[in-house]
Amino acid sequence: MQQLRLTRTRRVALIGLAGALAVSLSACAESKREEGAGGGTGGTMIFGAAGNPKMFDPAFNDEGETFRITRQIYDTLIQNKPGTADLEPSLAEKWESSNEGKTWTFTLKSGVKFSDGTPMDATAVCFNFDRWYNMKGAAAQSQMIYYGDVFEGFAKNEGDASGDPVYKSCEAKDPTTAVLNLNKAKGAFPAAFTLPSFSIESPAALKQYNADQVTQSGDSFTYSEYANKHPVGTGPFKFESWDQAKGEITLVRNDTSPNPAKLDKLIFKVIPDENARKQALKAGDINGYDYPSPADYGLLRNDGEQVLIRPSFNVLYLGINQANNPKLKDVKVRQALAYGINREQFVKSKLAEGSEVATEFVPKVISGYTDDVTKYPYDPEKAKQLLQQAGATDLTLKFYYPTEVSRPYMPNPADTFTAISEDLKKIGVKIEAHAEPWNGGYKDDVQKAGKQDLHLLGWTGDYNDAGNFVGTFFGRKKAEFGFDNAELFSALNAADASPAGDAHAKAYQEVNKKIMDFLPAIPIAYPTPAIVVGPKVKGLVASPLTDERFNTVTVS
Amino acid sequence: MLRFLVRRLLQAIPTLFILSILVFAWLRSLPGGPAAALLGDKATPEKIANLNHVLGLDQPIFVQYFGFLGRAVTGDFGNSLVSTQPVMGEIVTFLPATIELGLSAMIIAVVIGIPAGYLSARYRGGPVDNVVIVLSLIGVAVPVFFLGYMMQDILAAPLGLPSQGRQAAGLDATAITNFAILDGIMTSEWDAVWDAIKHLILPAFALATIPLAVITRITRASVLDVLNEDFIRTANSKGLTQQVVRTRHVLRNGLLPVVTTIGLQTGALLGGAVLTERVFNFRGLGFLLAEGIERRDYPRLQALLLFGAVVYVLVNMLVDISYGIIDPRVRVR
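For chain B, an unreviewed UniProt entry supplies the name ABC transporter permease and the organism Amycolatopsis mongoliensis. In its Subcellular location (unreviewed entry) section, UniProt records this for chain B: "Cell membrane". The record in UniProt for chain B states the following under Sequence similarities (unreviewed entry): "Belongs to the binding-protein-dependent transport system permease family."

The name that an unreviewed UniProt entry assigns to chain A is ABC transporter substrate-binding protein, with the source organism given as Amycolatopsis mongoliensis. Looking at the Sequence similarities (unreviewed entry) heading of the UniProt record, one finds this comment for chain A: "Belongs to the bacterial solute-binding protein 5 family."

*Asks:* Hey, could you go over the overall build of chain A for me, with residue numbers and the actual values?
*Replies:* Tallying secondary structure elements over chain A gives 17 helices and 23 strands in all. For chain A, whose C-alpha radius of gyration is 27 Å, the value lies close to the compact-globule estimate of 24 Å for 556 residues. For the C-alpha atoms alone, the extent of chain A along its principal axes is close to 105 × 65 × 45 Å. Taking all 556 residues of chain A together, 57% fall into the buried category.

*Asks:* Could you give an account of the interface of chain A and chain B, naming the residues involved and the relevant values?
*Replies:* On the side of chain B, 57 residues touch chain A, which itself brings 62 residues to the contact. Together, the buried faces of chain A and chain B total about 5100 Å²; carbon and sulfur atoms form 49% of this surface. Three residues, Asp219(A), Ala245(A) and Asn439(A), lead the burial of chain A against chain B; their summed loss comes to 13% of the area buried on that side. Run the count over chain A and chain B and you get zero salt bridges.

*Asks:* Can you break down the packing of aromatic side chains residue by residue, with the values?
*Replies:* Residue and element names in this part refer to chain A. On inspection of all chains with the given rule, the structure shows 46 aromatic pairs over all chains. Note on Tyr133 and Tyr167: the rings are 4.8 Å apart at their centroids and 45° apart in plane angle, and the pair reads as tilted. Within this pair, whereas Tyr133 is found in helix α3 (residues 122-134), its partner Tyr167 is found in strand β6 (residues 167-174), the two being separated by 34 residues in sequence. Pair check on accessibility: Tyr133 and Tyr167 agree, each one buried.

*Asks:* Which residues make up empty space enclosed by the protein, and what values do they have?
*Replies:* Applying the stated criterion across every chain yields a total of eight cavities of 30 Å³ or more. Of the pockets and cavities examined, the second largest cavity occupies roughly 80 Å³. Lys54(A), Asp62(A), Glu63(A), Ser142(A), Gln143(A), Ile145(A), Leu38(B), Leu39(B), Leu51(B) and Arg295(B) together form the lining of the second largest cavity. Elements with a minimum of two residues in the lining of the second largest cavity: α4 (138-143) of chain A together with α2 (34-39) of chain B. When grouped by side-chain class, the residues that make up the lining of the second largest cavity number four nonpolar, two polar and four charged.

*Asks:* Any details on the packing of helix α1 (residues 2-29) of chain B against helix α4 (residues 61-73) of chain B? Residues and values, ideally.
*Replies:* Residue and element names in this part refer to chain B. Running from N to C, α1 and α4 cross one another at 130°; their axes reach a closest spacing of 11 Å. When the interaxial angle is binned, α1 and α4 end up oblique. Considering how the two elements wind past one another, α1 and α4 form a crossing that is right-handed. Listed contacts from α4 to Phe17, Ser20, Ile21, Phe24, Ala25 and Arg28 of α1 are Ile61, Gln64, Tyr65, Phe68 and Leu69. Residue classes in the contact of α1 with α4 are distributed as eight nonpolar, two polar and one charged.

*Asks:* An account of the sheet that holds β6(A) is requested, with residue identities and associated values reported.
*Replies:* All names here are of chain A. Pairing is antiparallel across the open sheet formed by four strands, whose spatial order is β4-β5-β7-β6. The sheet is open, and its two borders are formed by β4 (92-98) and β6, each paired with just one other strand. Across the sheet, the axes of successive neighbouring strands diverge by a mean angle of 15°, strand direction being ignored. In the sheet, β6 pairs with strand β7 (residues 177-182) via six bridges, with the strands oriented antiparallel. Residue pairing for β7: Asp174 is matched across the bridge by Thr177. Against the sheet, α3 engages β5 (103-108), β6 and β7, with an angle of about 165° to β6.

Analysis parameters
Starting from 1, residues in each chain are numbered consecutively following that chain's sequence as written. Going through the entries in the order they are written, you letter the chains from A and number the ligands from 1. Reporting of local features is limited, given that this is a predicted model, to residues whose pLDDT is at least 70; pairs of side-chain atoms are given and counted only at 80 or more, and all residues count toward the totals for whole chains, interfaces and linings. Note that the side-chain values use all heavy atoms of the structure and ignore hydrogens as well as water. UniProt positions are given in the numbering used here, feature names are shortened, and annotations may be inferred rather than shown by experiment. Secondary structure elements are defined from DSSP: runs of H or I of at least 4 residues count as helices, runs of E of at least 2 residues count as strands, and each element is numbered from the N terminus. The globule rule is 2.2 Å times the number of residues to the power 0.38, and the radius of gyration it is compared with is taken over C-alpha atoms. Three labels apply to residues, based on accessible area from a 1.4 Å probe with only protein chains included: buried if under 20% of the type maximum, exposed if over 50%, partly exposed otherwise in between. Note on contacts: a residue pair qualifies if any of its non-hydrogen atoms lie within 4.5 Å across the two residues. Buried area is understood as the total, over both parts, of accessible area removed when two parts are fitted together, assessed with a 1.4 Å probe. Just to be clear on terms, a salt bridge is a Lys or Arg side-chain nitrogen sitting within 4 Å of an Asp or Glu carboxyl oxygen. Whether two aromatic rings pair depends on their centres lying within 6.5 Å, for rings of Phe, Tyr and Trp, where Trp uses its six-membered ring; planes under 30 degrees apart make the pair stacked, over 60 edge-to-face, and the rest tilted. Of the grid points, spaced at 1 Å and generated over the protein atoms alone, those admitting a 1.4 Å probe that cannot get out make up cavities, while open sets with protein on both sides within 12 Å along at least five of seven lines make up pockets; any residue with an atom within 4 Å of a point is treated as lining. Grid points are joined across faces, edges and corners, and a volume is the space filled by probe spheres set on the points. Amino acids outside the nonpolar list (Ala, Val, Leu, Ile, Met, Phe, Trp, Tyr, Cys, Pro) and the charged list (Asp, Glu, Lys, Arg) are all regarded as polar, and Gly is one of them. To get an axis, fit a line to the C-alpha atoms, keeping to the stretch in contact for a helix; angles then go from 0 to 180 degrees between the N-to-C directions. Here is the rule for angles: anything less than 35 degrees is roughly parallel, anything more than 145 is roughly antiparallel, 65 through 115 is roughly perpendicular, and the remaining ranges are oblique. Put simply, a crossing is left-handed when the front helix is turned counterclockwise from the back one by less than a right angle, and right-handed when it is turned clockwise. Strand pairing requires that DSSP identify at least two bridges connecting the strands.

Okay, here's the thing in C-alpha cells:
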C-alpha cells in the first residue's frame, strides 16, 4: 500500500512521461505517414478520386471513376499513346484488318503473363471476346453498355439489345495470333479496342471466381467475387484491397506486367467533395486529384501544385429542337443564332485556359476533324439580317439549361446560359429561361420529351472515332433535335461502316462539312479539363481521354 | 415500466409501415430516376428505358412497393446501385463512424452546453450571460456546411488537424468493429487512435454547434424558471447550503427539459451528420445518404431512411424512459 502511494515528485514525473508519450505517439503517426508518401523503393501515390468505383470487372462498367482504376490493373489490345488520342501497341504488337474491315488479326506480345501466373495468349484473348458475346441474362447485358454499343448485340439478344451482332468468331491461330471475325465492318475499330471495357482479363480467374454470375436482386445487381475482390489482368498494378469503410482502393506493383510500375503502391481515396479534395492535397494527405475547378488553377499553382491541362476531347453545344418550334426549321434562323453568339468572348472569359471555340462537333485531336467547314464567326448585324429574311424578327425561344451539375465540357451551366442568352437578346431574340436540375429531369425533358427550343449539352469522347461524337448526336431521328434528314443519316451510316484508315477519316470530314451546312445545333467550345498533382509527383502525363496510366509515375 | 415499453414498441409498427410507404412513394416521385443517374453522361432515353425495364422500375408502383416490402421483412434491402454492395452490409460498415461522430458531438454539446447555460442563468444580465447568448445565437444561425468549410480553410492547417476523412490515407490500421478509436485501443495501435481522434475533432465541433447552442439556451431558460419557483425560496429559507440548493434542487429540476432536448437533438444530429460527413468526407451513414441522393440510389435510400426512422423512434422511447427516471410522476401517468 505504502509503495503505491505516489510522492509529489513522482506524480510530476508521471505527468511528464504521459506528455512525452503523447508527443511520441503523434510523431509515430507522422513518420508512418511520411513513409507512406514516398521513400522506400518506388514510393506510394495516393490519388483523390471524385467517386466510388462500381466494381472492378471492366466488362460491366462504363464510367470514369471505375475505369481510372481498372486501367491500372488491366491492359487492352491497343492503347492510346500517352497524352494523345493516337493509337499504339499494347498487348497486341500489331494489328491489321482485311476482308474490308470484317477480319482483324492481332499479333500478340509473346511471353506475357497475367498477375496470377497464367499465360496471356491468343486463347485468352479469344476467351474474352467469346465471354462478352455469350453473356446471358438481362442484368448482365444491361450493364455492358460499351459492348452493346460497339458490337451491337449478343449471342442471345435478350432484353433490348437488338440488331445484328457485329461479332462472329475469334480464332487462336497460334499463341501469338488472334483473329477476330466480324459480320460487318465497324468504323469504331480499331480505336474502340482501346476502351477499358475491352480489357483482357485472366480466363483462369474469371472462371475460378464466377465472374459471369451477375444476378439481379430486387431493383439492383449483385456482382461476383471476381468483380469485387479478385480482378486479374496484365496491367502495371495488382489489386490488393477495397476498403469500403475508408473508401480506399489499394493496388500494388505487378512485377510480371509488360509495363511494370515504378511505384510500390497506388492508393485511390474517394473524396466526392471538390473542396475536400483540394484541402487534402494542400495538407499532403493525397498526391493528386481529378477535376480541379478552373477557378482554383491559379491558387493551386501558387501553392506549388502542378495543374496539368488535358487536351480537349469534348465538345459543348447549343442544341436546337426543330420539332418544337417550326421557325427553327429554317436554316437561316439557325445560322442567325450561330452568327449571333460571341463564342470567342465566352471561351475567353468563362472557360479554363487552353479551351477553344468549336468550329464543328468533333474536337481537333479526332481523326475526321477538318478545318474546311462553314464557319459562323460573331456577326450580330448579319444575324439580324438573316432573321429578317426568314421573317423571324419576333422570335421567342424556350431555352433549357441544367443546374446542380458541372461537367468537364460545361463547368458552369448557369454562366454559359447567361452569356449565350445575352448575345441572343442583342440580335432581337426573346429568351424564356427554363432551369432544371441535372438529375431532376433535365435530360428527360431535353432528350426524351424534347420540350425545349434551345438547350445546353455536350459530350466527352470514349475513343478516337468521329462516329462516337457525330454519330451519337445526329445518326438518327432524335427527340433532342427534332429533325429528319435522310441524307445526313445515311452519310453517317456509310461513314461508320467505312473501313479504318484514310477513307474512314475522309468520310467523316465530308460528314462534318454537311453537318456545319445543315447546322442541326451550334458547337460552342472545346473546353479543357485538368488533373492536379503535388510537387513531388513526377512522370504523370495528362491524357485527353482521362486515360492516365500511373506506371510512369514516381513520388519523391 | 414493461407494459409502457411494450405499448411504445407496438405503436412504432404502424408508424414505420406508414413511413415506409411515404419513403417509397417520395423516392419514386423524384424526377430523374436511378437509371439516368447510373448511366451518367452517356445515357440515351433508350438505354434508360432498358435499364428501367431490367430493374423493374417500369412496373406499377404498388407492385414495386410490395416486392420491396416482401424482401425488406426478410432483411434484404438489395444492393446499392452506386457501390453494388448489399445495403445492409453498408449500414453495418458505416454506422460506427456516425455513432463515433454523433457521440463526440453530443458529448461536446452537453459538457459545454449545460455549464454554459447554467452559468448564464446564474449570472443573468451580466457579461457572461451576454456572451453566451450571442454565441448561442450564432451557433444556431450558421449553417453546418458553411461552418465546416470555414473550419477546413481557417483552422485545419494552423492546428495541424486533418480536414477530411476518418483516417490518414494509407494508414494501415486494423479494423475490427469499425469504431476507429476503439479498434486502435483493442489492438494497441496508438498511432491509429491518435490519428482517429485528430480526424474527429473538426467535424465533431462542426456537428456540435447547433445542439450545443440549443442545449445552452434551454438550460438557461429552464434554470431561470426553476430559480423563480417557490420551492427554491423554501429551500433557501430552510437554511440549506447554496451547494445543496443548486445541485439537488435547481439543477435536478432544471435538467428535465434539457434531457428532452438532448433526445430530440440526437435525432436532429442525424440530419446534421449528412452535411458534416459530406463536407469532411467522414464516411458514415450521412455520407452514404448524401451520395445516395445524388445518384438516386433507391435501395440505399429506402434502407437508410427507414433505418433513420427506427433510430428516431428508439431515441424518443429512451427519452421517455429517462423522463420517468428523473421525474417519477411521468411513470405514474
